[in-house]
Amino acid sequence: MTQAPEHFDVIIVGAGISGVGAAYHLKTQCPGKTFVALESKPTFGGTWVTHRYPGIRSDSELYTFGYRFKPWTSAPIATATEILKYMGEVVSENALGPHIRYQHRITSAAWSSAEQRWHLQVQRVDTGELLAMSCGFLWMCQGYYRHNEGYTPDWPGMAAFQGRVVHPQTWPDKLDLRGKRVVVIGSGATAATLVPAIADEVASSGGTLTLLQRSPTYFITGRNINELADTLRQLEVPETWTHEIVRRKALFDQAAFAQRTQTEPDAVKRDLLANVRAFVGDKVDVDKHFTPRYRPWQQRVAFIPDGDLFKAFAQGKAGVVTDEIECFTPVGIRLKSGDELAADIIITATGFNLSALGDIPFSIDGQPLDFGSTVTYRGAMFTGVPNLLWVFGYLRSSWTLRVDLLGDFVCRLLQHMDARGAKVVTPQLRPEDQGMALKPWVDPDNFNPGYLQRGMHQLPRQGSTAPWLHDQNYMRERVELPAANLDDGTLRFQ
């Protein structure tokens, strides 16, 4: 006799920053709901457990990356260890541990309209045991990239390279960089974190360190302190007040900066490059190596605390080359300019592989779900897909801001369904929405990092009018989401 699936009102997928936040909101706002969070890793933390490369840290400040309900009390830019400690406190202080099942990987998800629930096939990572679970609502908090592998282009000649190739996402436990010729390929936040973190080890032992980039990236530099937070603490303002005040100030400044990149892009560009020149002086050609071809904010702008990346260049501990790779050779990299870089170790800080819905096979009443053919409702739910919400955070603001907003939204939606006596909610286009212009999940003219461009076909489309927009605008969503009319016909209740 087949054992009945273990059933929950809600299943949360993932126990990273999104999943832990979802569990908190569900437990506090919907205390009558049964729920479990399924996490494939042996612990909570998500990206902060996956990435173990030297120097790993946040690239946005923690007063907005931290949850709104849990004050952040340390430096604005935090290490992975500090973030995991913070998340551990959230788990323990709110007794979320019993609701999280580690080393549980979902292998399939099937919606049954007849039963009005999701059926999940789950595998225990540690034992291989197969489990059956079901839920009324599926809350996808697994993130947006594949954790088991990073993105590395297939350059010609890689197999012939006699040294070692390492991706930061799968950093080995013991990697000896002393005395080695090290090349870091990339220009984003990961490369910008790695280079200063390993510069002393490489340079002090007679090795060489080179950052090789195809094109430059914008960075913001500043001290890793928050003067307003420090002042409020000197005045003995309670931490909850300090957290909220500093958080609001940070959001105000971020919105002003984003607006300025649209209205005064050339002035913003000059300011950003002036900050770089203040650190490197005439030691580095800023026009060649740190002047991007795109306008500020078309890609994420990472924060460089205390200018540590640029100090490494200015002090001669690292060099930078802006060129394209022609091929790998047995002893390094040949560039399209004809120059060659000798290398013992090549670190490919070249980005993520996008993962839509955790690469889980989904079906609805026996039919495979073509996720890319759906239209998104508020960048979180999808036409024709019942009782499911995906937390896709902000790409140019702190991810966690949307975790909190969608936590409120899901709980309000579940309460609304209970009040209506509904078991199913499905986004649907109304007659007046039919025929509206559809756009990619994220407008490439507005934001175009490589991982999105490579995987955009996997993702839903957005419309041209609310509530079918996904414009990544926190300042708009923080007003609209709490006030969203759930009975305007865009959600079908059954």
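Please refer to the structure placed before this passage.
Presented here is an overview of the structure given in this document. (Residues numbered from 1 in each chain as written. Predicted model: local features only at pLDDT ≥ 70, side-chain atom pairs only at ≥ 80, totals over all residues. Heavy atoms only, no water.)

1. Remarks on the overall build of the chain
- Scanning the chain from N- to C-terminus turns up 13 helices and 23 strands.
- Its C-alpha atoms give the chain a radius of gyration of 24 Å, near enough to 23 Å, the size a compact globule of 494 residues would have.
- Dimensions along the principal axes, computed over C-alpha positions, put the chain at roughly 70 × 55 × 50 Å.
- Considering the chain as a whole, with its 494 residues, one finds that 53% of them fall into the buried category. (Helix = DSSP H or I, 4+ residues; strand = E, 2+ residues; numbered from the N terminus. Rg over C-alpha atoms; globule rule 2.2 N^0.38 Å. Buried < 20%, exposed > 50% of the residue type's maximum accessible area, 1.4 Å probe, protein only.)

2. Topic: the sheet that holds strand E8 (residues 181-185)
- One open sheet holds the five strands; their spatial order is E7-E16-E8-E9-E12, and the pairing between them is parallel. The outermost strands of the open sheet, each flanked by one partner alone, are strand E7 (164-166) and strand E12 (319-322). Here the strands of the sheet are splayed against their neighbours by 20° on average, with no regard to which way each runs.
- Of the pairings in the sheet, the one linking strand E9 (residues 208-213) to E12 comprises four bridges and is parallel in character. Along E12, the bridge assignment pairs Leu-212 with Val-321.
- Helix H5 (residues 189-203) contacts E8, E9 and strand E16 (345-348) of the sheet and is inclined by roughly 165° relative to E9. (Pairing = 2+ DSSP bridges. Axes fitted to C-alpha atoms, helices over the stretch in contact; angles between N-to-C directions. Contact = heavy atoms within 4.5 Å.)

3. Re the sheet that holds strand E14 (residues 332-335)
- Spatial strand order, E13-E14-E15: three strands in an open sheet with antiparallel pairing. The open sheet has two edge strands, strand E13 (325-329) and strand E15 (340-342), and neither has a second partner. Mean inter-strand twist for the sheet, computed between neighbouring axes without regard to direction, equals 20°.
- As paired elements, E13 and E14 share four bridges and run antiparallel to each other. Within E14, the residue paired with Phe-328 across the bridge is Ile-333.

4. Thoughts on the environment of Trp-241
- By secondary structure assignment, the location of Trp-241 is in helix H7 (residues 239-263).
- A C-alpha to C-alpha distance of 47 Å links Trp-241 and Leu-130, two positions 111 residues apart in sequence.

5. Things to note about the packing of helix H11 (residues 399-420) against helix H13 (residues 474-483)
- Between H11 and H13, whose axes approach to 10 Å, the crossing angle comes to 10°. Viewed along their axes, H11 and H13 adopt a mutual orientation that is roughly parallel. H13 is crossed by H11, and the crossing has left-handed handedness. Contacts from Leu-401, Arg-402, Leu-405, Leu-406, Phe-409 and Arg-412 of H11 reach H13 at Tyr-474, Glu-477, Arg-478, Leu-481, Pro-482 and Ala-483. (Parallel < 35°, antiparallel > 145°, perpendicular 65-115°, else oblique. Left-handed = near helix turned anticlockwise from the far one by under 90°.)

6. Some details on the pairing of strand E5 (residues 117-124)
- In this sheet, E5 lies alongside strand E4 (residues 104-112) in antiparallel orientation, the contact comprising eight bridges. Note on E5: the bridge partner recorded for Arg-105 is Gln-123.
- Between the antiparallel neighbours E4 and E5 lie four residues, among them Gln-116 with a positive phi of about 55°.
- As paired elements, E5 and strand E6 (residues 130-140) share six bridges and run antiparallel to each other. The partner of Gln-121 across the bridge, within E6, is Ala-132.

7. Quick look at the packing of aromatic side chains
- Scanning the entire structure with this criterion turns up 30 aromatic pairs.
- Relative to Phe-382, the ring of Phe-371 has its centre 4.7 Å away and its plane inclined at 75°; by these criteria the two rings are edge-to-face. Pair noted here: Phe-371 is in the loop between strand E18 (367-368) and strand E19 (376-377) and Phe-382 is in strand E20 (residues 381-382), with a separation of 11 residues, a long-range link. Like Phe-382, Phe-371 is buried.
- Aromatic ring contacts, followed pair by pair, group Tyr-144, Tyr-145, Phe-352, Phe-371, Phe-382, Trp-390, Phe-392, Trp-399 and Trp-441 into a single cluster.
- Over the aromatic face of Tyr-394 sits the side chain of Arg-402, whose NZ or CZ is 5.8 Å from the ring centroid. (Phe/Tyr/Trp six-rings, centres within 6.5 Å; stacked < 30°, edge-to-face > 60°. Lys NZ or Arg CZ within 6 Å of the ring centre and 35° of its normal.)

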